[in-house]
Amino acid sequence: MKYQLTIGNRLYFSWSIAAVMMIEHAGLMELVDIITVYPDHEADVRPRIPHLAPARTLPTLTLPCGTQLGDSMAMAEELASRHPDRNMWPQDPKARAIARYLANEMHSSFGALRSSWPVNLRHSYKGLTAPEDVQAELDRLDLIWTHARQTTGSQTPWLCGEYSIADAIYAPMATRLTTYGFELGPTSQAYVSAHLSDPALRRLRAAGLAKGAVVQDCERDFERAPWSFVPAQIGTATQDGSQTVNTHCPYSGRPVEHFMRLGDHTYGFCNAMCRDKTMYDPEAWPEFMGIYQS
Ligand SMILES: N[C@@H](CCC(=O)N[C@@H](CS)C(=O)NCC(=O)O)C(=O)O
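Described in the following lines is the structure provided in the data block. No experiment lies behind these values; they were computed from the predicted model shown.

**A closer look at the site of the ligand**
Then, number 1: Inspection of the region around the ligand gives F13, W15, E42, V45, R46, T57, L58, P59, G70, D71, S72 and H107 as its neighbouring residues.
Then, number 2: Between the ligand and the protein, one listed contact pairs an oxygen atom with a backbone N or O atom of L58 at 2.9 Å.
Then, number 3: Here the ligand, which alone exposes 500 Å², has 78% of that area covered by the protein.
Then, number 4: For the shell around the ligand, a count of residues per class yields 5 nonpolar, 4 polar and 3 charged.

Here is the structure:
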């Protein structure tokens, strides 16, 4: 029996993004069926998931026994204790304590950023100045991210050594800062860049863009800037499947019916979603790169 993770639109639902990141980075994807729902706005969440009572928030993790967990930190703790070999928290006790501290602070704080500056992986905006309450939270983020890296002596791009639950929990914050062009000090800015170039986050974004669903409440009328992480290559859809490199979809293994042009070649996929998620960021998908580089 698998876990079932019910999430909201990958481009906008912050806790859903964090849940996917922690599961992907722990290598637990093969144990999880992900079901995505597309509420039009926050008040539309509960009516869409009556079967997930008592949680009825997104994300909800349904355990193999049927128990529903509707709180991100509970999901994180439960998965970490059920899969101790995956090191979802750092192994070093000091680094683990800092990671727990930071993850829980994200979960309980940063109300100004969270209430008025929604996550939106579709766009970056420019020319914005953070209001005072938001600036105070940006300063706090800068302080605790820098503190975590210094105190744990992290030698990786992540907060407390290897990627941990703390990093998954801050992934949506990194994208939120990118969306609104809020910059922190150099150490924190490097941490934001690490998230943006993380293949797991790039896959999540590409899949969200491919689906195309928009949450209007999270869109703003500000002047737009390009997303700061630009993939090395982007594909284009084509109708011409007469000469494809592959005859079977890199993801499902089914015969190809939808086609993408990348460089001098045409690649096939079993459906438009497989094609489009690849198109937005080909390099982020190991299954596709296996064919591309062969
Ligand atoms: N305590 C939950 C909060 C998750 C949450 O607030 N999700 C929002 C969407 S990002 C939601 O489902 N809102 C709908 C509602 O509260 O009715 C967690 O830790 O995961």
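That was the structure; now back to the text.
**Brief notes about the pairing of strand β9 (residues 265-269)**
Then, number 1: Buried residues dominate β9, accounting for 4 of its 5 residues.
Then, number 2: In this sheet, β9 lies alongside strand β8 (residues 258-262) in antiparallel orientation, the contact comprising 5 bridges. Each residue of the ladder has a partner; that of L262, found in β9, is H265.

**A few points about helix α10 (residues 272-280)**
Then, number 1: Buried within α10 we find C274, R275, D276, K277, T278 and M279.
Then, number 2: In this structure, the buried side of α10 is in contact with α9 (199-211), β7 (236-238), β8, β9 and α11 (286-292).
Then, number 3: Measuring from the side-chain oxygen of the N-cap residue of α10 to the backbone nitrogen of M273 gives 3.1 Å; that N-cap residue is N271.

**Some details on the sheet that holds strand β1 (residues 3-7)**
Where strands meet in a sheet, backbone hydrogen bonds hold them as pairs that are either parallel or antiparallel.
Then, number 1: Within the open sheet, the 4 strands sit side by side as β2-β1-β3-β4. Their pairing is mixed. Each having just a single partner strand, β2 (32-36) and β4 (68-69) make up the two edges of the open sheet.
Then, number 2: Pairing analysis gives 2 bridges linking strand β3 (residues 60-62) to β4, with the strands arranged antiparallel. Counted as the bridge partner of T62 is Q68 from β4.
Then, number 3: In the packing of helix α1 (residues 14-25) onto the sheet, the strands contacted are β1 and β2, and the crossing angle to β1 comes to about 145°.

**Description of the sheet that holds β7**
Then, number 1: Read from one edge to the other, the open sheet built from 3 strands follows the order β7-β8-β9, with strand pairing classed as antiparallel. Every other strand in the sheet has two partners, leaving β7 and β9 as the edge strands with one partner each. In this sheet, adjacent strand axes meet at a mean angle of 40° when their direction is disregarded.
Then, number 2: The sheet strands contacting α10 are β7, β8 and β9, and the helix crosses β8 at an angle near 15°.

**Some points on the packing of aromatic side chains**
Any two aromatic rings considered together are summarised by their centre-to-centre distance and by the angle between their planes.
Then, number 1: Counting across every chain of the model gives 16 aromatic pairs.
Then, number 2: Ring centres of W145 and Y170 lie 5.6 Å apart, and the angle between their planes is 90°; this geometry places the pair in the edge-to-face category. Of this pair, W145 sits in helix α6 (residues 132-152) while Y170 sits in helix α7 (residues 165-180), placing them 25 residues apart in sequence.
Then, number 3: Taking the centre distance of 5.0 Å and the plane angle of 80° together, the rings of Y267 and F288 count as edge-to-face. Of this pair, Y267 sits in strand β9 while F288 sits in helix α11; the two residues are 21 residues apart in sequence, bridging distant segments of the chain.
Then, number 4: The exposure class of Y267 is buried, given its relative accessible area of 3%.

How each quantity is defined
Residues numbered from 1 in each chain as written. Predicted model: local features only at pLDDT ≥ 70, side-chain atom pairs only at ≥ 80, totals over all residues. Heavy atoms only, no water. Near = heavy atom within 4 Å. Polar contact = N/O pair within 3.5 Å; in protein donor to acceptor, adjacent residues only side chain to side chain. Areas by Shrake-Rupley, 256 points an atom, 1.4 Å probe, with all protein chains shown as cover. Nonpolar A, V, L, I, M, F, W, Y, C, P; charged D, E, K, R; others polar. Buried < 20%, exposed > 50% of the residue type's maximum accessible area, 1.4 Å probe, protein only. Helix = DSSP H or I, 4+ residues; strand = E, 2+ residues; numbered from the N terminus. Pairing = 2+ DSSP bridges. Contact = heavy atoms within 4.5 Å. Axes fitted to C-alpha atoms, helices over the stretch in contact; angles between N-to-C directions. Phe/Tyr/Trp six-rings, centres within 6.5 Å; stacked < 30°, edge-to-face > 60°.

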